Amino acid sequence: MKVLVVGSGGREHALCWKIRQSPLVQKLYCAPGNPGTAALADPVDLAADDLAGLVRFAVAEKIDLTVVGPEAPLCRGIVDEFQKHKRLCFGPNKAAAEIEGSKAFARELCRRHRIPGPGFWVYTDHQQAKSFLDNREPGPIVVKAAGLAAGKGVTVCRNSEEAKAAVVECLERRRFGDAGDTVVFEEFLEGPEVSLITLTDGQTIVPLEPARDHKAVFDGDQGPNTGGMGVITPVAILPRMRAQIESQIVFPTVHALNREGRRYQGFLYAGLMLTNQGPRVLEYNCRLGDPETQPLLLRLCSDLVPLLLATAEGKLEAQQAPVWDPRVAVCVVACSGGYPGEFKKGLPVFGLDRVATGPDLQVFHAGTAQRPGGDLLTAGGRVLAVTALGDDAAAARQRAYAALQQLEFHGMHYRPDIGAKG
Ligand code: AMP
Ligand code: GLY
């Protein structure tokens, strides 16, 4: 069969790497892809949000399955467009993807269906938002831009003064554009965090292995939030907590969407905080996480393609449960100096040829570009995602960080503590 992967980051490089291994796949394309995917899939010169162009390509090339990585095309309705042209596209349709597209919708869905999350308050008016902050109990609070902001629209504030500054960024300075037209305040929760991604066709629900992202840019969880600086999987979760996550959050979310006429088919990502009172939803994403995908796919023994096909066709029930490598996988992101703020692009990347990759170690390209003639250059905030397997966290970390030592670009930054807590 012919498969098209849509996107250009580390997640999509990992998807291409895994899909390429499937005996079902004769031809693989990636739109637009990156220098890493180009070694595995034919590049297609179409942006991930060029819905009309992608549909035309899929029809002309008779693509059997299109797999969408990022949230933007899903939230804009790429799956609906493909359906109109009778082309199979993996991912939730526009109505279901709203669970990520609007944090206000996601929070209200949880409230309507009693899915546990933090207390929250939604505002569009600056004065009203300020007066809410003036009149609440003192203490920390979280401010979120309601729309899509590439993981950077969340500010954890120590007090109302910091929260007011975050509101100014959103509603007045419009730092996140339209995505910040609405702000959501959330009760500040504490506890370990875990990302649980579930594969579902709206009926059958298959949770993947739990993973832990590290969102803050600096070690010790300091500094502003990023799209994700590194991941470890699996994460030990007490059996009782695990059962609560499934019965109180994952299953009810899929059913809630069904009941509201938004059948969900695709990867549903729940960002969770494991509080002393039980698990709480911090956010939903309508797709695989980046960089969660990289270590998860390194651990996935099963062929991914039949699972994707069955989900898109609504026949997941007939599939065998995925088989996981029991070892630990760690992914460390090497990012541009300055990210998630301003950073330089176009800096030469050295050392990839010094890294011996294989089934236990992969360097996925996240934000790179190839200069005509050869040099690899930085082209984004997150540049490379070094992903390694090991018998335990220490071994996986050792392998990933040894590879990172070989890599170099001006200003390269990575967190030294990914997976250090085991
Ligand atoms: P989100 O993109 O909504 O997952 O938020 C990014 C990060 O901000 C999370 O991974 C948490 O570390 C933190 N965060 C988000 N919501 C809350 C909350 N209600 N309480 C405490 N921390 C939060
Ligand atoms: N790593 C978090 C995300 O993909 O949203």
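Our structure is the block above this text.
Reading the values: the criteria
- Residues numbered from 1 in each chain as written.
- Chains lettered and ligands numbered in written order.
- Predicted model: local features only at pLDDT ≥ 70, side-chain atom pairs only at ≥ 80, totals over all residues.
- Heavy atoms only, no water.
- Pairing = 2+ DSSP bridges.
- Helix = DSSP H or I, 4+ residues; strand = E, 2+ residues; numbered from the N terminus.
- Axes fitted to C-alpha atoms, helices over the stretch in contact; angles between N-to-C directions.
- Contact = heavy atoms within 4.5 Å.
- Near = heavy atom within 4 Å.
- Polar contact = N/O pair within 3.5 Å; in protein donor to acceptor, adjacent residues only side chain to side chain.
- Areas by Shrake-Rupley, 256 points an atom, 1.4 Å probe, with all protein chains shown as cover.
- Nonpolar A, V, L, I, M, F, W, Y, C, P; charged D, E, K, R; others polar.
- Parallel < 35°, antiparallel > 145°, perpendicular 65-115°, else oblique.
- Buried < 20%, exposed > 50% of the residue type's maximum accessible area, 1.4 Å probe, protein only.
- Arc of directions from axis to C-beta.
- Phe/Tyr/Trp six-rings, centres within 6.5 Å; stacked < 30°, edge-to-face > 60°.
- Lys NZ or Arg CZ within 6 Å of the ring centre and 35° of its normal.
- 1 Å grid on protein atoms, 1.4 Å probe; cavity = no way out; pocket = protein on both sides within 12 Å on 5 of 7 lines; lining within 4 Å.
- Points joined across faces, edges and corners; volume = space filled by probe spheres on them.

**Some remarks on the sheet that holds strand β8 (residues 154-157)**
With respect to topology, four strands assemble into an open sheet ordered β6-β9-β7-β8, the strand pairing being antiparallel. Both edges of this open sheet fall to β6 (120-123) and β8, since each of them pairs with a single strand only. Each strand of the sheet is rotated relative to its neighbour by a mean of 20°, with strand direction disregarded. Both β6 and strand β9 (residues 183-187) contribute to a ladder of four bridges, which runs antiparallel. In the sheet register, Val122 faces β9, and the bridge partner there is Val184. Relative to the sheet, helix α6 (residues 103-112) contacts β6, β7 (141-145), β8 and β9, its axis offset from that of β6 by approximately 140°.

**Points about the site of ligand 2**
Lining the immediate environment of ligand 2, one finds Asp213, Lys215, Gly227, Tyr269, Asn285, Arg287, Gly289, Asp290, Pro291 and Glu292. Within the side chain of Asn285, a nitrogen or oxygen atom sits 3.1 Å from an oxygen atom of ligand 2. Considering ligand 2 on its own, with 200 Å² of exposed area, one finds that the protein chains cover 92% of that surface. Counted by class, the shell around ligand 2 contains two nonpolar, three polar and five charged residues.

**Concerning the packing of helix α1 (residues 10-20) against helix α11 (residues 304-313)**
Between α1 and α11, the shortest axis-to-axis distance is 8 Å and the interhelical angle comes to 105°. Looking at the two axes, α1 sits roughly perpendicular to α11. Residue-level contacts link Leu15, Lys18 and Ile19 of α1 to Leu304, Val305 and Leu308 of α11.

**Examining the site of ligand 1**
If you check the shell around ligand 1, you find 16 residues, and the closest are Lys144, Glu187, Leu189, Glu193 and Glu283. Between ligand 1 and Lys144, the relevant distance is 2.8 Å, taken from an oxygen atom to a side-chain nitrogen or oxygen of the residue. Here an oxygen atom of ligand 1 and a side-chain polar atom of Glu283 are 3.1 Å apart. When the free accessible area of ligand 1 is taken as 470 Å², the share hidden by the protein chains comes to 94%. For the shell around ligand 1, the secondary structure elements donating two or more residues are β7, β8, β9 and β17 (278-285). Taken together, the residues of the shell around ligand 1 break down into eight nonpolar, one polar and seven charged.

**Comments concerning helix α7 (residues 126-135)**
Three or more residues of α7 are buried, namely His126, Ala129, Phe132 and Leu133. For α7, the arc enclosing every buried residue in end-on projection is 125°, short of the 170-degree limit, so these residues lie on one face. Pointing more than 90 degrees away from the buried face of α7 are the exposed residues Gln127 and Asn135. Against β6, β7, α8 (160-172) and β9 lie the buried residues of α7.

**Some thoughts on the packing of aromatic side chains**
This structure, assessed with the given rule, holds nine aromatic pairs. Considering the side-chain rings of Trp121 and Phe132, the 5.2 Å spacing of their centres and the 35° angle between planes classify their relative orientation as tilted. With Trp121 in strand β6 and Phe132 in helix α7, the pair connects residues that are 11 residues apart, well separated along the chain. Since its relative accessible area comes to 35%, Trp121 is described here as partly exposed. Between Tyr339 and Phe343 the ring centres are 6.3 Å apart and the planes differ by 70°, which places this aromatic pair in the edge-to-face class. Assessed through its relative accessible area of 27%, Phe343 is described here as partly exposed. Through a chain of ring-to-ring contacts, the aromatic side chains of Trp121, Tyr123, Phe132 and Phe185 assemble into a single cluster. Positioned over the ring face of Tyr29 is Lys27, at 5.5 Å from the centre of the ring.

**A short note on empty space enclosed by the protein**
The final tally for this structure, using the stated rule, is four cavities of 30 Å³ or more. The space that makes up the largest cavity amounts to roughly 90 Å³. Forming the walls of the largest cavity are Leu208, Phe267, Leu288, Thr293, Leu296, Leu297, Leu300, Leu304, Leu307, Pro322 and Trp324. Where the lining of the largest cavity is concerned, the elements lending two or more residues are α10 (293-299) and α11. Element by element, the count of residues in the lining of the largest cavity is highest for α10, at three residues. Tallied by class, the residues present in the lining of the largest cavity amount to 10 nonpolar, one polar and no charged.

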